Amino acid sequence: MRYMLLIHFDDTQPTSPEEWKRLSGEYAAWLGAMKKAGVGLGSERLQPSATATSVRVRDGKTEVVDGPYAETKEQFAGYYLIECEGLDEAVQWAARCPGARAGTIEIRPLWSNKNAERGWEE
Amino acid sequence: MAGKSEQPEAAAQRAAERVARESYGRLLAFLAARTRDVAGAEDALAEAFASALKLWPAEGVPANPPAWLLTVARRRQIDAARRRQTRTGGEDHLKLIADEMEEAAATPNEIPDRRLALMFACAHPAIERSARSPLILQTVLGFTAADIASAFLIPPAAMSQRLVRAKARIKEAGIPFRVPDADEIAERLDTVLEAIYATYSKGWGEIGEGSAQSLAEEAIWLAQLVAALLPAEPEAKAMLALMLYAEARRPARRGAGGAYIPLEEQDTGAWDAAHIARAEDLLRQATGIGASGRYQIEAAIQSAHVARRLAGADTWPAILALYDHLFALTASPVVALNRAVALAEIDGPAAGLAALEPLGEDKRLLDYQPYWAARGHLAARAGRREDARSSLTLALGLAADPAVRAYLRTELEKLETRRP
């Protein structure tokens, strides 16, 4: 089963250089562990939500807006694509993510899992 | 609190909570034993508790609250069976409930204890393994699906589904509510003990406080129940002993600021002496009964660690021999890992590492944090800095617990400052 781990966190809170160094070390360790276990498929980190631009077309009219799609406290910050046995294992990997301590990890199964006909659970 | 008018409600609430704590499993086991309809019995019992909270504040708490709840719950079961009567089986259901009532009437002051039979049904080999511990927690202790889900790190909806499926299976597959006969009990007891031990591990594995710790307490409570109900089974006693050895160390495994402290560095003065004494006594009783199983060996290993740390005895050779024995029994890679760590204490870190390295190929250990932590420590002691760094980094990436992460980070920093 493939899952996307979506990292959400409050990117308006400043991170101290020491904190940042610690976090990058922990992210590197987590990514290394996922690689070793053959779980990680790919990942990207996004620039802060302040850099976001939102576009939509309504009634043939294109609107371009500064800022992210949703005005929430915790913003989408990056993703990790993983492949593992099932949701139980995905939850374990998400709990190990350093981002789970400061923010929230949303786990979403990929649409292509449906082809595998293994269902949502297990 | 808003004055005296709330007092009867508070008293009723407390009484209901006390009965729930002490008698929930007993009531449920009795209500479900004949019909094997666990979900139906849960509904009936939930309605009985709701009635209690409504009626007790006005009428006072009855003299025998469990009997009161049982009577009301049985009435609900009968109503439900009548409503279903048009469907097949309604009559049978009523007959079974009538049998139950007769039995309870014969022993008015004590509800027959069917909890052990209930546990054997919950941990039946025909029930999905991952559902067994949750099912026991729910039926014997009355945990909600949401509580169990958060304790087991499972999404609540998935946990509810799992529990519903397991209950349907008990009913449909005809899983009996009975304690197996002497000739099959050893094998069947394994799944019951495994389910309880899995609950304890959940409460121990994550160092965190709160729900994890209370889960450990519930598991010990269940283990005590099983050991008391099956006094002739050495493994039931040995498992309880094993849990108590671990529990005795709980106060010592966290330092200031919640830092993780490994066994070797723990202040033995903070160990719970009463737990250890009970564990030693249980282990002696188990050994006296006979045949050494998995839990007996594991408890003996813990006893050897206690003798080593408390009395300064060199018990490492005994520990190594016990791990050999345990590995022959289980062939578990986790046992092989612990054996390698014991070997390092006798023949040095290089020997331990040589035993550990082949295990790194085992897929089951690839995401097993303790393996990489142990390998990192031994490599550091053997002066293999690169291996130590990469192993400890993997362990850090696999640790979800902040205390363990902090500990591993410190170990990594020590590695950088250590002379090559």
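Residues numbered from 1 in each chain as written. Chains lettered and ligands numbered in written order. Predicted model: local features only at pLDDT ≥ 70, side-chain atom pairs only at ≥ 80, totals over all residues. Heavy atoms only, no water.

### Thoughts on unusual backbone geometry
1) Next: Of note in the backbone geometry, D59 of chain A takes a positive phi value of approximately 50° without being a glycine.
2) Next: Relative to the helices and strands, D59 of chain A resides in the loop between β3 (53-58) and β4 (61-66).
3) Next: Note on D59 of chain A: relative accessible area 84%, which makes it exposed.
4) Next: Unlike most non-glycine residues, A331 of chain B shows phi in positive territory, near 55°.
5) Next: Mapping A331 of chain B onto the fold places it in the loop between α14 (316-330) and α15 (333-347). (Helix = DSSP H or I, 4+ residues; strand = E, 2+ residues; numbered from the N terminus. Buried < 20%, exposed > 50% of the residue type's maximum accessible area, 1.4 Å probe, protein only.)

### Digging into helix α8 (residues 156-172) of chain B
1) Next: Look at α8 of chain B: 24 Å from first C-alpha to last across 17 residues, which is about the 24 Å you get at 1.5 Å a residue.
2) Next: Within two residues after α8 of chain B, G174 of chain B carries a phi angle of roughly 70°, on the positive side. (Expected span 1.5 Å × (residues − 1).)

### Re the pattern of salt bridges
1) Next: Across all of its chains, the model carries 27 salt bridges over all chains by this definition.
2) Next: Linking E416 of chain B and R389 of chain B is a salt bridge whose minimum nitrogen-to-oxygen distance equals 2.9 Å. Taken together, the residues span a long stretch of sequence, with E416 of chain B in helix α19 (residues 402-417) and R389 of chain B in helix α18 (residues 385-398) at a distance of 27 residues.
3) Next: The exposure class of E416 of chain B is partly exposed, given its relative accessible area of 44%.
4) Next: Through salt bridges with shared partners, one network takes in E19, R22 and E26 of chain A together with R405 and R409 of chain B. (Salt bridge = Lys/Arg side-chain N within 4 Å of Asp/Glu carboxyl O.)

### Digging into the state of the cysteines
Residue and element names in this part refer to chain A.
1) Next: Inspection of the entire model under this criterion finds zero disulfides over all chains.
2) Next: With no disulfide partner, C84 has as its closest neighbouring cysteine sulfur the one in C97, 14 Å distant.
3) Next: C84 sits in the buried class, given a relative accessible area of 7%. (Disulfide = S-S within 2.5 Å.)

### Comments concerning the packing of helix α1 (residues 17-36) of chain A against α18 of chain B
How two helices sit against one another is set out by the angle between their axes and by the gap between those axes.
1) Next: Contact pair α1 of chain A / α18 of chain B: the axes reach a minimum separation of 7 Å and the direction vectors enclose 95°. As summarised for this structure, α1 of chain A and α18 of chain B are arranged roughly perpendicular, according to the angle between their axes. Contacts between α1 of chain A and α18 of chain B involve E26, A29, W30, G32, A33 and K36 of chain A from the first element and T393, L394, L396, G397 and L398 of chain B from the second.
2) Next: Residues of the contact of α1 of chain A with α18 of chain B, tallied by class, amount to six nonpolar, three polar and two charged. (Axes fitted to C-alpha atoms, helices over the stretch in contact; angles between N-to-C directions. Parallel < 35°, antiparallel > 145°, perpendicular 65-115°, else oblique. Contact = heavy atoms within 4.5 Å. Nonpolar A, V, L, I, M, F, W, Y, C, P; charged D, E, K, R; others polar.)

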